[in-house]
Amino acid sequence: MMVGVDWEEKSDETGGTDTEKSGLGSFTGDITNNGEITSGWYGGIETEGVDITGNIANNGTINGGDAGIILTGGYEGQDVWQVDESTNTESGVYSFETKNARIQGNITNTREINSYGSGIEVAAIDLDGDLVNTGEITSDSAGIAVLGGEQGVGTYTETPDGYIGEWSSETKPSSFNGNIVNDGVITTGWLGGIEVEGTNVTGNITNDGTINGGDAGIIVAGGLKVQGAAQYDFATETYTSSGSYESKLARMQGDITNAGDINSYGTGIELEAVEMDGNLSNTGNISSTYGIAVTGGYKEVYAYAKTAGVITQDEWEEGKGAASSFTGEINNSGTIAADDTGIYIENTAFNGTINNTGTITAGLDGIYIDDSVTGNVVINQKAGAINGGEYAAIRLNKATRVNYTGGQINGLVENDGGTFYVEGNQTINGDYEQDANSTLSLGLHTETSLTANNITLAEGSKVLIDLSKGDLYVQDGETVELLKTTDGDLVNAGVTYGVTSTLVTVAEAKLNAAGNLELTFDRASFLETAENLSNT
């Protein structure tokens with residue numbers, strides 16, 4: 001264990017100052033275990049407040065306590081207080097801050113780490129290098145944890161009548177410039193297999209091995225901001241407190257890839273309160289409650305009161321915090337098996353695509369885009385299958401466009417304000433429903449139709465013939481069946497029809513004897529259109 005702590009106190013009858021500092025020292029060279037380390041409370045390999053130039057490697061066995069390998073930054077705290085003997089009052093101001101240490105080198109495990117804390121943990125560290133596991137990590141906490149630091153301030157006053165205090169703290173971001181790779185086996189208890197929180201990452205996170213995670217397989221999350229106040233009245237024995245917890249955004253610049261196996265009772269791959277520029281890909285297998293989730297931050301506000309041991313107020317209110325942002329692609333060419341939702345997006349400014357050529361199977365929703373999502377969400381169903389559960393195979397909001405060009409959609413498609421585009425003869429093994437502000441778009445530059453159990457087009461919604469990829473393949477006056485139902489109803493009262501070309505109009509729309517929607521087109525030639533424009 002490498003650590004240096006300085007403690008200093010200056011005081012007299014009117015007050016004083018306490019100061020505590022740890023680090024920052026420096027170390028140049030490698031730290032390597034080729035044998036066996038068994039520790040009690042502390043980590044097997046532990047440094048605090050030490051700048052390291054060199055590599056840290058476990059090639060043997062570590063049976064750790066607090067962690068297998070734990071590397072943390074330094075710390076500085078100060079408490080300044082005053083005493084007023086005439087009123088028997090003491091008041092003060094305190095502050096604390098972690099000081100990021102720097103590691104220039106790689107951290108690797110090639111053999112075995114067992115710990116009730118994190119297997120490998122770096123906190124309040126600016127790391128330039130890779131963190132790689134090719135061995136086996138077994139932890140009751142997190143497998144690999146990369147965490148930010150913390151800073152905060154507070155005030156307090158104590159009198160013969162009681163005391164009052166106020167405080168605030170927030171995550172102090174760390175930086176990680178490198179890659180996190182698991183090519184071995186990580187098994188955790190209640191936290192993630194790979195967990196990154198309050199850290200700005202420039203690099204990639206890759207699982208080529210197996211993660212048996214707790215609440216997540218891989219999670220990248222922002223930090224936390226806390227504010228609060230409390231007071232206590234000695235005479236009435238009344239304690240009151242109030243405050244808030246709020247997410248603080250972090251940044252991820254790089255790709256997250258699962259090419260192995262992820263098993264989790266929480267989420268397979270999760271982004272929370274993160275600004276991400278990069279791609280998120282699954283070419284392997286994910287089995288979890290949520291397969292892939294991209295969500296914004298949260299905010300909780302609380303108020304608590306207790307008098308003479310009796311709780312008189314205990315209120316918590318949770319809402320959405322800062323929105324995440326995502327620019328890139330979510331690609332699934334593997335298998336996602338989710339008890340709840342396969343791909344879930346919430347409270348995010350999302351500008352990118354979701355591409356499925358694999359298999360998504362969910363207990364509730366295959367892909368769910370929440371109404372809080374903004375930007376431009378494009379879902380490309382090209383091959384493979386999306387298998388919805390109790391609710392929907394795909395749920396669209398107004399920022400969503402689905403391009404259904406291949407594969408299978410099994411379950412309800414719920415279009416709540418977006419655009420559902422069909423190219424080729426496609427089938428939904430379930431119902432299709434769209435509300436009044438939605439569009440069903442069909443690419444009739446090629447033979448195209450949509451078949452579903454039931455098709456419900458709300459009044460005020462739209463059917464659009466999209467010819468942006470080529471000319472209409474239907475001849476003038478020819479009738480085609482565009483929408484078909486297998487065993488139910490087609491509802492289209494009050495629907496409007498449009499074409500993305502001035503050369504084609506919908507001459508007639510009707511339900512035929514089979515209950516399918518027929519459209520008849522009127523095609524004008526380029527010469528006719530030019531003549532009409534000239535006459536106009």
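As the structure is a computational prediction, the values presented were derived from the model and not from experiment.

**Concerning the overall build of the chain**
Item 1. Counting secondary structure elements, the chain contains 1 helix and 64 strands.
Item 2. In terms of C-alpha radius of gyration, the chain reaches 30 Å, well past the compact-globule figure of 24 Å for 536 residues.
Item 3. Expressed along its principal axes, the backbone C-alpha trace of the chain runs to roughly 100 × 60 × 50 Å.
Item 4. Counting all 536 residues of the chain, 50% fall into the buried class.
Item 5. Nonlocal contacts in the chain, meaning residues at least 24 apart in sequence, comprise 67% of its contacts between residues at least 6 apart.
Item 6. When the accessible surface of the chain is split by element, carbon and sulfur atoms take 45% of a total near 22,500 Å².
Item 7. Taken as two groups, the 21 positive and 78 negative side-chain charges of the chain have centres that lie 8 Å from each other.

**A closer look at the packing of aromatic side chains**
Item 1. On inspection of all chains with the given rule, the structure shows 12 aromatic pairs.
Item 2. Aromatic side chains Tyr 344 and Tyr 368 sit 5.8 Å apart centroid to centroid with 20 degrees between the ring planes, which places their arrangement in the stacked category. One end of the pair, Tyr 344, is in strand S43 (residues 335-346); the other, Tyr 368, is in strand S46 (residues 365-369), and 24 residues separate them in sequence.
Item 3. Here the aromatic cluster, defined as three or more aromatic residues joined through ring pairs, consists of Tyr 163, Tyr 232 and Phe 234.

**With respect to the layout of surface pockets**
Item 1. Its volume calculated, the largest pocket comes out at about 650 Å³.
Item 2. Taken together, 27 residues line the largest pocket, and the ones lying closest to its centre are Gly 223, Leu 224, Ser 247, Glu 272 and Tyr 298.
Item 3. For the lining of the largest pocket, the secondary-structure elements that each account for two or more residues are strand S21 (149-159), strand S22 (162-172), strand S30 (216-221), strand S31 (223-233) and strand S41 (310-320).
Item 4. Its residues placed into classes, the lining of the largest pocket shows 7 nonpolar, 13 polar and 7 charged.

**A look at the pairing of strand S49 (residues 392-396)**
Item 1. Among the 5 residues that make up S49, 5 are buried, leaving the element largely enclosed by the rest of the structure.
Item 2. Direction of pairing for S46 relative to S49: parallel, over a ladder of 3 bridges. Counterpart to Asp 365 in the pairing with S49 is Ala 392.
Item 3. Note: S49 against strand S52 (residues 413-415), 3 bridges, orientation parallel. Looking at the pairing, Leu 396 lines up with Asn 415 of S52.

**Some remarks on a nonpolar patch on the surface**
Item 1. A grouping of Trp 41, Tyr 42 and Tyr 116 is seen on the molecular surface, where their side chains present a nonpolar patch of about 400 Å² in accessible area.
Item 2. Along the chain, Trp 41 turns up in the loop between strand S5 (36-38) and strand S6 (45-48).

**Quick notes on the pairing of strand S50 (residues 400-404)**
Every other side chain in a regular strand lies on the same face of the sheet, so the side chains alternate between the two faces.
Item 1. Burial of S50 is extensive: 4 of the 5 residues sit out of reach of the surface.
Item 2. Two elements, strand S47 (residues 374-381) and S50, share 5 bridges in a ladder whose sense is parallel. Considered in S50, the bridge of Asn 380 is made with Asn 403.
Item 3. Of the strand pairs in this sheet, S50 and strand S53 (residues 419-422) are connected by 4 bridges, and their pairing is parallel. Across the sheet, the residue bridging to Arg 401 is Thr 419, located in S53.

**Notes on unusual backbone geometry**
Item 1. In this model, Asn 88 sits at a positive phi of 55 degrees, which is unusual for a non-glycine residue.
Item 2. Structurally, Asn 88 can be placed in the loop between strand S11 (74-84) and strand S12 (89-99).
Item 3. Its identity as a non-glycine residue notwithstanding, Ala 124 has a phi of 55 degrees, on the positive side.
Item 4. Looking at the secondary structure, you find Ala 124 in the loop between strand S16 (118-123) and strand S17 (125-128).

**Details of the environment of Glu 150**
Item 1. Looking at the element boundaries, Glu 150 is found in strand S21.
Item 2. Separated by 51 residues in the primary sequence, Glu 150 and Lys 99 place their C-alpha atoms 8.8 Å from one another.
Item 3. The residues touching Glu 150, leaving out its near neighbours within four places in the chain, are Phe 96, Glu 97, Thr 98, Ser 169, Glu 170, Thr 171 and Lys 172.

**Focus: the environment of Ser 174**
Item 1. Here Ser 174 lies in strand S23 (residues 174-177).
Item 2. Along the chain, Ser 174 and Val 122 lie 52 residues apart, while their C-alpha atoms are 9.6 Å from each other.
Item 3. Contact partners of Ser 174, with chain neighbours within four places excluded, come to Asn 100, Ala 124, Ile 125, Asp 126, Leu 147, Gly 148, Gly 149, Gly 198, Thr 199 and Asn 200.

**Topic: the confidence of the model for the chain**
Low pLDDT marks regions whose predicted coordinates should not be analysed in detail.
Item 1. Averaged over the chain, the pLDDT score is 92; the fraction of residues at 70 or greater is 94%.
Item 2. Across residues 525-536, where pLDDT falls below 50, the model places 5 contacts with residues more than four positions away in sequence or in other chains.

**Some words on the side chain of Ser 141**
Item 1. On the secondary structure map, Ser 141 appears in the loop between strand S19 (136-139) and strand S20 (144-147).
Item 2. With relative accessibility at 12%, the residue Ser 141 sits in the buried group.
Item 3. In this view, Ser 141 contacts Tyr 116, Gly 117, Ser 118, Thr 188, Gly 189, Trp 190, Leu 191 and Gly 192; residues no more than four positions away in its chain are not counted.

**With respect to the environment of Gly 266**
Item 1. Mapped onto the fold, Gly 266 is located in the loop between strand S35 (261-264) and strand S36 (267-272).
Item 2. When the C-alpha positions of Gly 266 and Val 196 are compared, they lie 16 Å apart, and in sequence the two are 70 residues distant.
Item 3. Sequence-distant contacts of Gly 266, defined by excluding residues within four places in its chain, comprise Gly 214, Asp 215, Ser 288, Thr 289 and Tyr 290.

**A word on the side chain of Asn 182**
Item 1. Examined against the element boundaries, Asn 182 turns out to sit in strand S24 (residues 180-182).
Item 2. At 2.8 Å, the side chain of Asn 182 forms a polar contact with the side chain of Asn 207.
Item 3. Among residues more than four places away in sequence, those in contact with Asn 182 are Asn 133, Ile 194, Thr 206, Asn 207, Asp 208, Gly 209, Thr 210 and Ile 211.

**Quick look at the pattern of salt bridges**
Item 1. Evaluated as defined, the whole model comprises 12 salt bridges.
Item 2. Residues Glu 97 and Lys 99 are paired through a salt bridge, measuring 3.3 Å at the closest nitrogen-oxygen approach.
Item 3. On the basis of relative accessible area, Lys 99 is assigned to the partly exposed category, the value being 28%.
Item 4. For Glu 423, the salt bridge is made with Lys 469, and the minimal N-O distance between the two is 3.0 Å. Here Lys 469 lies in the loop between strand S59 (462-465) and strand S60 (479-485) and Glu 423 lies in the loop between S53 and strand S54 (425-428), a separation of 46 residues in the sequence.
Item 5. When salt bridges with common partners are traced through the structure, they connect Glu 97, Lys 99 and Lys 172 into a single cluster.

Criteria and thresholds
Residues numbered from 1 in each chain as written. Predicted model: local features only at pLDDT ≥ 70, side-chain atom pairs only at ≥ 80, totals over all residues. Heavy atoms only, no water. Helix = DSSP H or I, 4+ residues; strand = E, 2+ residues; numbered from the N terminus. Rg over C-alpha atoms; globule rule 2.2 N^0.38 Å. Buried < 20%, exposed > 50% of the residue type's maximum accessible area, 1.4 Å probe, protein only. Contact = heavy atoms within 4.5 Å. Areas by Shrake-Rupley, 256 points an atom, 1.4 Å probe, with all protein chains shown as cover. Lys, Arg positive; Asp, Glu negative; His and termini not counted. Charge placed at Lys NZ, Arg CZ, Asp CG, Glu CD. Phe/Tyr/Trp six-rings, centres within 6.5 Å; stacked < 30°, edge-to-face > 60°. 1 Å grid on protein atoms, 1.4 Å probe; cavity = no way out; pocket = protein on both sides within 12 Å on 5 of 7 lines; lining within 4 Å. Points joined across faces, edges and corners; volume = space filled by probe spheres on them. Nonpolar A, V, L, I, M, F, W, Y, C, P; charged D, E, K, R; others polar. Pairing = 2+ DSSP bridges. Patch = residues over 30% accessible without salt bridge, like charges linked within 9 Å, V, L, I, M, F, W, Y side chains within 5 Å. Salt bridge = Lys/Arg side-chain N within 4 Å of Asp/Glu carboxyl O. pLDDT = per-residue confidence, 0-100. Polar contact = N/O pair within 3.5 Å; in protein donor to acceptor, adjacent residues only side chain to side chain.

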